[in-house]
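# Analysis of the macromolecular model
Letter by letter, the chains look like this.
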Amino acid sequence: MTIQLFKGFGYFFYIGVFLASGIIGYFTLRHRSENVKKRVILSLLFFALILHFMKLLFPPYIDDPNAVRKITPENICALSTLIFPFIFLTKNKTLKDYMFYIGVLSGTLAVLIPIESLEKDAYIFAFDTIRFYLCHIIITVAPMLMVATGLHQLDYHRVYKVPITFMVVLAIIMINEIILMEIGLVPLRNTDFLDPNGYRNFSMIFGLRDTFGAAGEIIKALTPNFMMEIPYGPYAGETKYWPLVWLIFPSFILIGGLSFLMSLIWEWKRFVFDLGRLKQYFIRTFSKKNAS
């Protein structure tokens, strides 16, 4: 039995585990001491980190001489698994905001659309399938528990920093990919390094793959045309995504917008209060102009 998208026992089994983990985790920790909350969440994050490295000991990686590339920050979720335990230990609010918003968004998307497991035609109880789901569940549930249990306070005024941090993360992933190519752990991206349909374009850094369909058209609509074509030289005007740079506008609009909406679950009272203050400011300003 294999994982099948939107159908089959395996697909819904892991979604059930995902939902149960969040619900049980919240009701278990909500009245616990701060130390207990921190220890439980940190244990989860380090468990995911250990699983991330342990996969080299199991198929399909154990028989791959270049499998070490799979424990590098080759995509958003892999980098999250590597850095979230250490972000959690810091007092940096911006990084913890990123941990929450991107962890919940990317982890949930990976559980609902488990491309990695689908592409491997993975058995639902194979180690790599279990590892895949557990790691993505943890990078979603742990940040959610961090906020829901009060260990980290969100502030919608900081939301603009999330896409900035996200772009830095994408830059790290791109640098990692270039290094892996240079040392021979992954092949060159066909004959064109910048080809979005080339081998390994996990985080869309090199552009949209042809398979993205309608979702891809939405992202393209948010990107200025000049960032998707060659501006100079004999090939000027030909389609070519500017690596990483082309994602600036989609990241700020989509990541920033979704993060803002997520923040309102906890921040709606502050937001309503700020709207009231803004309304009073405009009323006072308008009254002064009329009086003069």
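Below you will find a few notes about this structure. Note that the structure is predicted; figures quoted are calculated from it, not measured.

Okay, the pattern of salt bridges next. For the structure on display, the rule yields seven salt bridges. Ionic pairing is found between E34 and K38, a salt bridge with its closest N-O pair at 3.1 Å. You can see E34 and its partner K38 sitting in helix α2 (residues 34-54), four residues apart, about one turn around the helix.

Below, the discussion takes up the nonpolar core. In this structure, I41, L45, F88, F100, M146, L170 and W246 are the most contacted members of the largest nonpolar core, which totals 61 residues. Of all elements in the fold, only α1 (9-29), α2, α3 (76-89), α4 (93-112), α6 (127-148), α7 (161-182) and α9 (248-291) reach the threshold of two or more residues within this core. Counting residues per element, this core draws most heavily on α6, at 11 residues. Filtering out sequence-adjacent residues up to four positions away, W246 remains in contact with M204, I205, F206, G207, L208, I219, T223, M227 and Y241.

Further remarks concern the packing of aromatic side chains. Here the structure, examined in full by the defined rule, presents 17 aromatic pairs. Relative to F12, the ring of Y11 has its centre 5.1 Å away and its plane inclined at 85 degrees; by these criteria the two rings are edge-to-face. With relative accessibility at 2%, the residue Y11 sits in the buried group. Ring centres 5.2 Å apart and planes at 75 degrees place the aromatic pair Y26 and F27 in the edge-to-face group. Lying across the ring of Y61, K55 places its NZ or CZ 5.5 Å from the centre. Note that K96 overlies the ring of F88, its terminal NZ or CZ placed 5.6 Å from the centroid.

Helix length check: α4 (20 residues) gives 28 Å between terminal C-alpha atoms against 28 Å at 1.5 Å per residue, within 8%. Along α4, the sharpest kink reaches roughly 25 degrees, centred on G103. Its side-chain oxygen 3.0 Å from the backbone nitrogen of T94, N92 forms the N-cap of α4.

Cut-offs and rules
- Residues numbered from 1 in each chain as written.
- Predicted model: local features only at pLDDT ≥ 70, side-chain atom pairs only at ≥ 80, totals over all residues.
- Heavy atoms only, no water.
- Salt bridge = Lys/Arg side-chain N within 4 Å of Asp/Glu carboxyl O.
- Helix = DSSP H or I, 4+ residues; strand = E, 2+ residues; numbered from the N terminus.
- Core = buried A, V, L, I, M, F, W, Y, C linked by side-chain atoms within 4.5 Å.
- Buried < 20%, exposed > 50% of the residue type's maximum accessible area, 1.4 Å probe, protein only.
- Contact = heavy atoms within 4.5 Å.
- Phe/Tyr/Trp six-rings, centres within 6.5 Å; stacked < 30°, edge-to-face > 60°.
- Lys NZ or Arg CZ within 6 Å of the ring centre and 35° of its normal.
- Expected span 1.5 Å × (residues − 1).
- Bend = angle between axes of the 7 residues up to and from the residue.
- Polar contact = N/O pair within 3.5 Å; in protein donor to acceptor, adjacent residues only side chain to side chain.

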